[in-house]
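This is what each chain is made of:
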Amino acid sequence: MTEKLLVPDIGDFENVEVIEILVKEGQEIEKNDPVVTIESDKSSVEVPSIFSGKVDSINVKVGDKVSKGDLLINITNNEKISDLTKEVPKNTENLIKEAEKALELEKKQRPKLEKIEKEKSEIQPSKDGDIDPLETSEWLESLSAVIEKDGNHRAHYLIKELINKAYMEGANIPYTQNTPYINTIPVSEEKKSNGDQNIERRIRSLIRWNAAAMVVRANKKFPELGGHIGTFASAATLYDVGMNHFWRAKNNKFGGDLIYFQGHSAPGMYARAYLEGRLNSKQLDSFRQEVNPGGLSSYPHPWLMPNFWQFPTVSMGLGPMLAIYQARYMKYLINRGLIKDEGRKVWSFLGDGEMDEPESLGAIGLAAREKLDNLIFVINCNLQRLDGPVRGNGKIIQELEGIFRGAGWNVIKVIWGSYWDPLLANDKTGHLVKTMNETVDGEYQAMKARNGAYVREKFFGKYKETQELVSSLSDKDIWRLNRGGHDPHKVYAAYDKASKNIGSPTVIIAKTIKGYGMGKSGESVNTTHQTKKLDVDDLMYYRDRFDVPLTDQQVKNIEYYKPDQNSPEIKYIKDRRLQLGGFIPERTTYAKPIKAPPKDIFDNMKESTGKKEMSTTMALVRMLTNLLRDKNVAPRLVPIIPDEARTFGMEGFFQKVGIYAHEGQKYEPEDAAQLSSYREEKSGQVLEEGITEAGAMSSWIAAGTSYTNHDIEMIPIYLFYSMFGFQRIGDFAWAGADSQSRGFLIGATAGRTTLAGEGLQHQDGHSHLMASTIPNCVSYDPTFHYELAVIFREGLKRMHEKKENVFYYITTMNENYPHPAMPSDKSCEEGILRGMYKIKEFNKFKKTKIQFLGSGTILREMIAGAEILQKEYQIDSEVWSITSFNELRKDGLEVERYNLLNPDKEQKKSFVEKCLGKTEGPVLAASDYMRMNSDQIRPFVNKSFYSLGTDGFGRSDTRKNLRKFFEVDKEHVVTYGLSVLAKEQLIASKYATEAVKKYKIDPNKPMPTKL
Ligand SMILES: Cc1ncc(C[n+]2csc(CCOP(=O)(O)OP(=O)(O)O)c2C)c(N)n1
Ligand SMILES: [Mg+2]
């Protein structure tokens, strides 16, 4: 039977244009196949068929204007009519499926109420503020009995019920996210490691020694090199337990766990790699001397050690966010069916001081919301940062516990080492825990800078009960009472538990000592962080402290220590890594390239749009819609948007490819009936990040490095308000570059005067300059749709087919104007890519000539200005479209350098010179960015050079007024053009003076930078 496919509800739009017909008469189509593309002045959307069958007739043609209910095609339906009113709506269907799945999962994950075998222990009441200790004691006894008989879960349930009851009765229950200052995992529940503890300690000691030695040696040679010993000294056990027992490397059977190492602990990773035989002593000796090949980078930098480091972390706060979004992206790839779910984990090592960075905590809510149980944070709480204590008057561990618990994380505190276990077990009065709770970090730090006698006096001496607890211990015994982060048993138990946690991310908060083992020279003292030199006595102490088998002379020589290949230590360390699949860190890639789409996919962008006006942002969205039809490219595109899809006209993507949501869509969206309805789906493709540019950028980096972290090449395209790009997240962009991310950053609604109304905080006149600071960022400021197409295709080819380690920054604008056809000149394409080509020549009078160089929207002002000069002043000109001042400068610099270094060789010409060398007249260049943008090519132009630009604060107004204000409109182009020609004595100055009057330009107006 014949069905009519009508224009569906397209939201607020009427009379939208049909821009593409995607089917032919007689063609068999499937339900959901796109039939036509319609386009409003803001966005274009494909209309999918709601039937499958044969297209009988097509009722519209390109250029027609349609509204809701208009007939698009007739179709002979070859199956039962899919009556939308009878069918369960797709969203509802998803909803039911998701709910069923969630129920099932919950059932599986529900913890078994096992009876936990443990020694009978009774909780003791604390007497402070207790008006009836006897009653308290009875309650606690009852609770102890419940724990013993029915286990912790039952106890927890009862407590929850009691709290609820009290709340209902009106009791004001103070909120606390904190638990006592003791380990989260009770001794009875600690999973024991099956490793050989003695040999592991010996290995760890050697790693400690070699890590310190490499820093000391480097600084002995060149004191300016710097380096850190204290950070790794405090974290060695945390890393070693992971390396020996938990972190699985990438190999041909498994994708590998991803570890973000804390930047300042890099020497420890090198020292381990040395024992593993991956680095030699010569390389250790070139720590922080990277200029010659083979040097070891100061911190983790994939750019500098591309086969070793995976993640740049040393700029504090980036690591935690990058790790969260990496874990989220891993789930995205799994849910989209692009990689297998192998239970891989993302571990991120952080400093307690680092947690002060707003970015560090900035995305922890997302991690919990998205149930990232593949994510484990390890926060090394050595209580110190660079200058002093992290929280002298408080307790960083408790503070972090509260924050993470509040956000919904699984929190595991590893505070006390095993030597404390018997003391805690004997703490019948609760005074030990009370003292632990009351002592602040400043005191904890000071204690570890002193000795056992001091600890006895200051800590245990506080109450007689605690004094008694340690009365039989010597000062030495007290000094030996270790912190959790230095106890491999406690760390192992925490890692084991974290690895098995389901349904939430885990944070392990471990207490350690900064500069552990460094003695007087650097253990727990405020200057630890910067200690990089150890004198002979310090070194002797360090050797003895960790029983490193070196003679005094060897210590004096600061020799590295590496046992024989066949020693048990080396065999053990290698065997452990063998068991865990290989070495870590290691950076490899086995991703297959993506074949760039055929050129004709962009053909429609090379034709004139006629009178039709369009912005480059819209042209880009059109192009992406086309790319989503290319079978190679489509699945690999990762569109990333920080809550601006509608600004850029991308809402059509919601239906077409869906928004990624790990739980699918549990609700029927308000706009369900509309074509661009807000569709969330588990396998959705769009990463709709909400308002977090830093988060969106972290996603972009995760996707842009898929080729190494997941061995699958992906094409991230992150579209943002250009002002909220580099300026906002510059440090992430730098990290993305260091990581060798490949993908597109699109600075949409760009330009100081092109984004008219939004004003000072929105108008970008410098993002290209910021982009130019990143060496592997290739940036363009195109004006016309064909330029965009050529640039984008080349980007796909260079990055994703040829695997070049660059990324693209392209600005697109929201000003609508007609786009001409691509010039047929063969060199045009090369010019677009290299940065400039001649777009127009006015050559009628052959007397006086000027060269106009215009970029982005201001190119159009220059063309208009050139027309006026020709018509009204009989002045000829050549107009050049500058697609990238940045790329031209790079080329110019390289050529200039070559020429200077090779004075005897044939001198090369920069691309700028090749284009402008033989032309007549001075140069006037302009863009919608600061003058500095166009000034970049000044040294390579052997002519008089003048520039216009938008230096100064933006402000709200119309484009016309803004361009007048910043002096980049066609009138100023004409006036300045005449003035430049007068200055060059090519015309009389009166013409310029007249133009100033004619265009009502106030020559006494202050520079826009001063307004
Ligand atoms: C963004 C940023 N700001 C400042 C620094 C300089 N810096 C390096 S280490 C450090 C102290 C780190 O303390 P913490 O995070 O506690 O690490 P740890 O104690 O383990 O060394 C500082 C301020 C940096 N690396 N990155
Ligand atoms: Mg610290």
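Everything numeric in this text was worked out from a predicted model, so none of it was measured.

A. Region of the structure containing the overall build of the protein chain. Assigned secondary structure in the protein chain consists of 36 helices and 28 strands. By the compact-globule yardstick of 30 Å for 1011 residues, the protein chain fits well, its C-alpha radius of gyration being 34 Å. With respect to the principal axes defined by its C-alpha atoms, the protein chain has extents near 105 × 80 × 60 Å. Burial statistics for the protein chain: of 1011 residues in total, 56% are counted as buried. A separation of at least 24 residues holds for 76% of the contacts in the protein chain among residues at least 6 apart in sequence. For the protein chain, the computed accessible surface area is about 43,700 Å², with 51% contributed by carbon and sulfur atoms. Averaged over its 139 positive side-chain charges, the protein chain has a centre that lies 4 Å from the centre of its 140 negative ones.

B. A look at a nonpolar patch on the surface. A cluster of nonpolar residues, I159, I163, Y167, M168 and I173, forms a patch on the protein surface that exposes about 530 Å² of accessible area. Mapped onto the elements, I163 comes out in helix α3 (residues 152–168).

C. Spotlight on the coordination of the magnesium ion (ligand 2). For the magnesium ion (ligand 2), the full set of protein donor atoms is D352 (OD), N382 (OD1) and Q384 (O), at a range of 2.0 to 2.1 Å. Ordering the donors of the magnesium ion (ligand 2) by residue number gives the pattern D-x29-N-x1-Q. One end of the pair, D352, is in the loop between β10 (346–351) and α9 (358–362); the other, Q384, is in the loop between β11 (375–381) and α11 (396–407), with 32 residues separating them in the sequence.

D. Spotlight on the packing of helix α24 (residues 693–704) against helix α26 (residues 726–738). In contact at an axis separation of 9 Å, α24 and α26 are set at 10° when each is read in the N-to-C sense. For the element pair α24 / α26, the angle class is roughly parallel. The residues of α26 that touch α24, namely those facing E693, A694, M697, S698 and I701, are R728, I729, F732, A733 and G736. Here the contact of α24 with α26 is composed, by residue class, of 6 nonpolar, 2 polar and 2 charged.

E. Geometry of the site of ligand 1. With respect to spatial proximity, 17 residues lie near ligand 1, and among them T231, D352, G353, E354 and K514 are the closest. Residue G353 places a main-chain N or O atom 2.8 Å away from an oxygen atom belonging to ligand 1. Against a free-state accessible area of 590 Å², the protein chains account for coverage of 76% of ligand 1. In terms of residue class, the shell around ligand 1 is made up of 3 nonpolar, 9 polar and 5 charged.

F. Layout of the sheet that holds strand β4 (residues 34–39). Taken in spatial order, the 4 strands make up an open sheet running β5-β4-β2-β7, and their pairing is antiparallel. Each having just a single partner strand, β5 (44–48) and β7 (65–66) make up the two edges of the open sheet.

G. Expanded view of the environment of L366. Position of L366 among the secondary structure elements: in helix α10 (residues 364–369). Sequence-wise, L366 and Y542 are 176 residues apart; in three dimensions their C-alpha atoms are separated by 43 Å. Residue contacts for L366: discarding those within four places in its chain leaves I324, Y325 and R328.

Cut-offs and rules
Residues numbered from 1 in each chain as written. Chains lettered and ligands numbered in written order. Predicted model: local features only at pLDDT ≥ 70, side-chain atom pairs only at ≥ 80, totals over all residues. Heavy atoms only, no water. Helix = DSSP H or I, 4+ residues; strand = E, 2+ residues; numbered from the N terminus. Rg over C-alpha atoms; globule rule 2.2 N^0.38 Å. Buried < 20%, exposed > 50% of the residue type's maximum accessible area, 1.4 Å probe, protein only. Contact = heavy atoms within 4.5 Å. Areas by Shrake-Rupley, 256 points an atom, 1.4 Å probe, with all protein chains shown as cover. Lys, Arg positive; Asp, Glu negative; His and termini not counted. Charge placed at Lys NZ, Arg CZ, Asp CG, Glu CD. Patch = residues over 30% accessible without salt bridge, like charges linked within 9 Å, V, L, I, M, F, W, Y side chains within 5 Å. Salt bridge = Lys/Arg side-chain N within 4 Å of Asp/Glu carboxyl O. Donors = N, O, S within 2.8 Å, 3.2 Å for Na, K, Ca; no water. Axes fitted to C-alpha atoms, helices over the stretch in contact; angles between N-to-C directions. Parallel < 35°, antiparallel > 145°, perpendicular 65-115°, else oblique. Nonpolar A, V, L, I, M, F, W, Y, C, P; charged D, E, K, R; others polar. Near = heavy atom within 4 Å. Polar contact = N/O pair within 3.5 Å; in protein donor to acceptor, adjacent residues only side chain to side chain. Pairing = 2+ DSSP bridges.

Note that all results are geometric; they support no functional claim without further evidence.
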